[in-house]
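Here's the letter readout for the chains.
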Amino acid sequence: MNSRRQLQAAQTRHDILLAARRLFAAQGYRATRIADIADEANVSPQTIYDSIGSKSAIVAALADGLEADIGLDELIPRIVHGDDPRDVIAAQLEISRRLVSQAGDIQRALAQGAGEPELRELRAAGRRRHHSGASQVISRLDTLGVLAPDADRDRLTDSLAALTDGETVLVFVDQYGWNVDEAIDFLRRQIERELLGP
């Protein structure tokens, strides 16, 4: 059973993460200082360092639970075992939609802090996982026999990874004012045209 101190420490960590997430969303990663997070969470800066660590460690902690939060376990079987090529593609895009809808603020913080080694590696690991997911989609579509026989599978994987990347969706949302569903629907049509033909 957890002691009162352990429960208190867990609650403090939770409060710090929520405060940081609110501030990152409101003023951006770069503009947010540890002192700001401490004020927002009602703790001392030292408590943040003791509980979580640096600002980049806070973003890493926020990103850590994303896969469970977006229901990745529910979507993977649709990709790996799906029989409908359009649904396989839709499942890959649903991951992107959920990430941007539920954690676009964390993705923006990761992008803004990309110069920091810890966050650079976190982003690189995320990109590798995303590219692996795109490879699974291409592999499944190949198994279903819907890809052109002469299509370069590596190029298809790269283009699918780029088009389903959360940062691609955020370009539509942040720079062009589209909503997430509009961006996802547009990308779905482009991907289906490229992979499945007209």
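Preceding block: the structure.
Keep in mind that this is a model prediction, so the values were computed, not measured. In this numbering scheme, every chain counts its residues from 1 along its sequence in written order. Where totals are concerned, whole chains, interfaces and linings use all residues; where local detail is concerned, this predicted model gives features only for residues with pLDDT of at least 70, and gives and counts side-chain atom pairs only at 80 or more. Side-chain numbers here rest on the full set of heavy atoms in the structure, without hydrogens or water.

**A closer look at the nonpolar core**
Rules: To define a nonpolar core, start from buried Ala, Val, Leu, Ile, Met, Phe, Trp, Tyr and Cys residues and group those joined through side-chain atoms within 4.5 Å. Per-residue accessibility, obtained with a 1.4 Å probe over protein chains only, is compared with the maximum for each type, and a residue is labelled buried under 20%, exposed over 50%, and partly exposed between these values. Any two residues whose heavy atoms approach within 4.5 Å at even a single point are treated as in contact.
Ranked by size, the top nonpolar core spans 54 residues in total, and within it F24, I37, I58, V169 and L195 carry the most contacts. If we skip the residues at most four places from it in the chain, F24 touches Y29, T32, I37, K55, I58, V59, L62 and A109.

**A word on the packing of aromatic side chains**
We count it as follows: The rule is short: rings of Phe, Tyr and Trp, with Trp giving its six-membered ring, pair when the centres are within 6.5 Å, and they are stacked under 30 degrees, edge-to-face over 60, tilted in between. We count a stretch as a helix when DSSP gives it H or I for four or more residues in a row; a strand needs E for two or more, and each element gets its number in order from the N terminus.
If you walk through the whole model with that rule in mind, you get four aromatic pairs. A ring pair is formed by F172 and F186, whose centres lie 5.6 Å apart and whose planes are at 55°; its orientation type is tilted. A residue pair is termed long-range when its members are at least 10 positions apart, and F172 in helix α10 (residues 166-176) and F186 in helix α11 (residues 180-196) qualify at 14 residues. With 5.5 Å between their ring centres and 80° between their planes, W178 and F186 make a pair best called edge-to-face. Accessibility expressed as a relative area gives 25% for F186, which makes it partly exposed. Within the aromatic cluster, the residues linked to one another by ring pairs are F172, W178 and F186.

**Quick word on unusual backbone geometry**
Even without a glycine there, the phi angle at N42 is positive, about 65°. Among the secondary structure elements, N42 is positioned in the loop between α2 (34-41) and α3 (45-51). Judged by relative accessible area, which is 72%, N42 ranks as exposed.

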